[in-house]
Amino acid sequence: MTTRIGLVGDYNADVPAHQAIPRALALAESALGAPLEFRWLPTETIDSDAALAPFDALWCVPASPYRSMEGALRAIRFAREHARPFLGTCGGFQHAVVEYARNVLGWADAEHAETAPDAARPVIAPLACALVEVTDKVQLRPGSRIAAAYGASEATEGYHCRYGLNETFRATLVSGALRVTAEDEAGDIRALELQGHPFFVATLFQPERAALTGRLPPLVAAFARAAVDDAAARLHTVRASSA
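A brief look at the structure comes next. All values reported here derive from a predicted model rather than from experimental measurement.

### Some thoughts on the pattern of salt bridges
Across all of its chains, the model carries 19 salt bridges by this definition. Measuring nitrogen to oxygen at the nearest pair gives 3.3 Å for the salt bridge that ties Arg 102 to Glu 70. Taken together, the residues Arg 102 in helix H3 (residues 91-103) and Glu 70 in helix H2 (residues 69-81) connect sequence positions 32 residues apart. The exposure class assigned to Arg 102 is buried, which follows from its relative accessible area of 17%. Note that Arg 234 and Asp 230 form a salt bridge whose closest N and O atoms lie 3.1 Å from each other. Separated by 4 residues within a single helix, Arg 234 and Asp 230 lie in helix H6 (residues 218-242), roughly one turn from each other. By relative accessible area, which is 27% here, Arg 234 ends up partly exposed.

Written out as structure tokens, the structure reads:
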């Protein structure tokens, strides 16, 4: 059985993360011994859940602002509500926060400051220090999916971003199912996970970049494994119900 992964974002061959993602998935496929198929999903084409239903997992990729913020948010919401394995990196992290704020916390005015700089509630705001082509250590929370993926309590990862979670709204944003699972040495949030979901992990850093040097990114391997396992479980359920 082939596991289908939708890459939510607007492909650009000049973006290093976009170069890295197919390589990362190929490495994961080889390590798992399970066939993976991926397709880029331009955000402006995501105008209904029907566009998302064929995929076993969704990865919201870097390089925002997206051509359609609403398309990206729809994909994230679909993964969250339909319990499909989800990975969000860089821009995917930022938009996962916006989606959660709007549709779980009920903050209809939650915005991303890059596209709405004058918003009253910018849950994603400019970082005090931009992380453009920066490599830094992150501390991984014990018991989290990300810590299990790395098999360690810390990791060193690369960034290419200027926006992150707005500390003004941190306490409320992470007081429920959305949990902090990685921070930098200053205590700033670098990864989030959704409790009670098969696999919902968002990182401000870009773990996929390890594939550019031929290394399998641990988090991509964990995401791919979750996608394969979840697809198999759903197929089993369908077959059992029709027997």
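### What about the environment of Glu 133?
Its place among the elements puts Glu 133 in strand E6 (residues 121-140). Given the relative accessible area of 48%, Glu 133 is considered partly exposed. Remark: the alpha-carbon pair of Glu 133 and Gly 214, spanning 81 residues in sequence, is separated by 19 Å. If near-sequence neighbours (up to four positions away) are discounted, Glu 133 is found in contact with Tyr 159, His 160 and Arg 209. A distance of 2.9 Å separates polar atoms of two side chains, one belonging to Glu 133 and the other to Arg 209.

### Details of the packing of aromatic side chains
All chains considered together, the criterion is met by 6 aromatic pairs. Seen in terms of ring centroids, Tyr 159 and Phe 205 are 6.0 Å apart; in terms of plane orientation they differ by 85 degrees. Their pairing is edge-to-face. Taken together, the residues span a long stretch of sequence, with Tyr 159 in strand E7 (residues 154-165) and Phe 205 in the loop between strand E10 (200-203) and H6 at a distance of 46 residues. By relative accessible area, Tyr 159 is classed as buried at 1%. Counting every residue linked through ring pairs, the aromatic cluster contains Trp 59, Phe 199 and Phe 223.

### So, the pairing of strand E2 (residues 36-41)
Note that strand E1 (residues 3-8) and E2 share 6 bridges and pair parallel. Among the inter-strand pairings, Ile 5 is bridged to a residue of E2, identified as Phe 38. Handedness of the β-α-β unit built from E1, helix H1 (residues 16-32) and E2 comes out right-handed.

### As for the environment of Ile 76
Residue position: Ile 76 is located in helix H2. On the basis of relative accessibility, which here comes to 1%, the residue Ile 76 falls in the buried class. Spatially, the C-alpha atoms of Ile 76 and Ala 149 are 21 Å apart, while their sequence positions differ by 73 residues. When residues no more than four places from it in sequence are discounted, the contact partners of Ile 76 are Cys 60, Phe 86, Gly 92, His 95, Ala 96, Glu 99 and Phe 200.

Rules and cut-offs
- Residue positions within a chain follow its written sequence, with the count starting from 1.
- Predicted model: local features are reported for residues with pLDDT of at least 70 only, side-chain atom pairs are reported and counted for 80 or more only, and whole-chain, interface and lining totals are derived from all residues.
- As a rule here, side-chain values come from all non-hydrogen atoms in the structure, and water together with hydrogens is ignored.
- When a carboxyl oxygen of Asp or Glu lies within 4 Å of a side-chain nitrogen of Lys or Arg, that pair is called a salt bridge.
- For the purposes of this entry, the term helix denotes a DSSP run of H or I that reaches at least four residues, the term strand denotes a run of E that reaches at least two, and both are numbered from the N terminus.
- Here's how the labels work: a residue is buried when its accessible area is under 20% of the maximum for its type, exposed when over 50%, partly exposed in between, all with a 1.4 Å probe on protein chains only.
- In what follows, a contact means two residues having at least one pair of non-hydrogen atoms within 4.5 Å.
- As used in this structure description, the phrase polar contact means that two N or O atoms lie within 3.5 Å; if the pair is within protein, one of them must be able to donate a hydrogen and the other to accept it, and residues adjacent in sequence are counted only when both atoms belong to side chains.
- Centres within 6.5 Å are what make two rings of Phe, Tyr or Trp a pair, Trp counting through its six-membered ring; a difference in plane orientation under 30 degrees is then read as stacked, over 60 as edge-to-face, and the rest as tilted.
- For two strands to be treated as a pair, DSSP must find no fewer than two bridges joining them.
- Handedness of a crossover: with both strands directed away from the viewer, a clockwise path from the first strand across the helix to the second marks it as right-handed.

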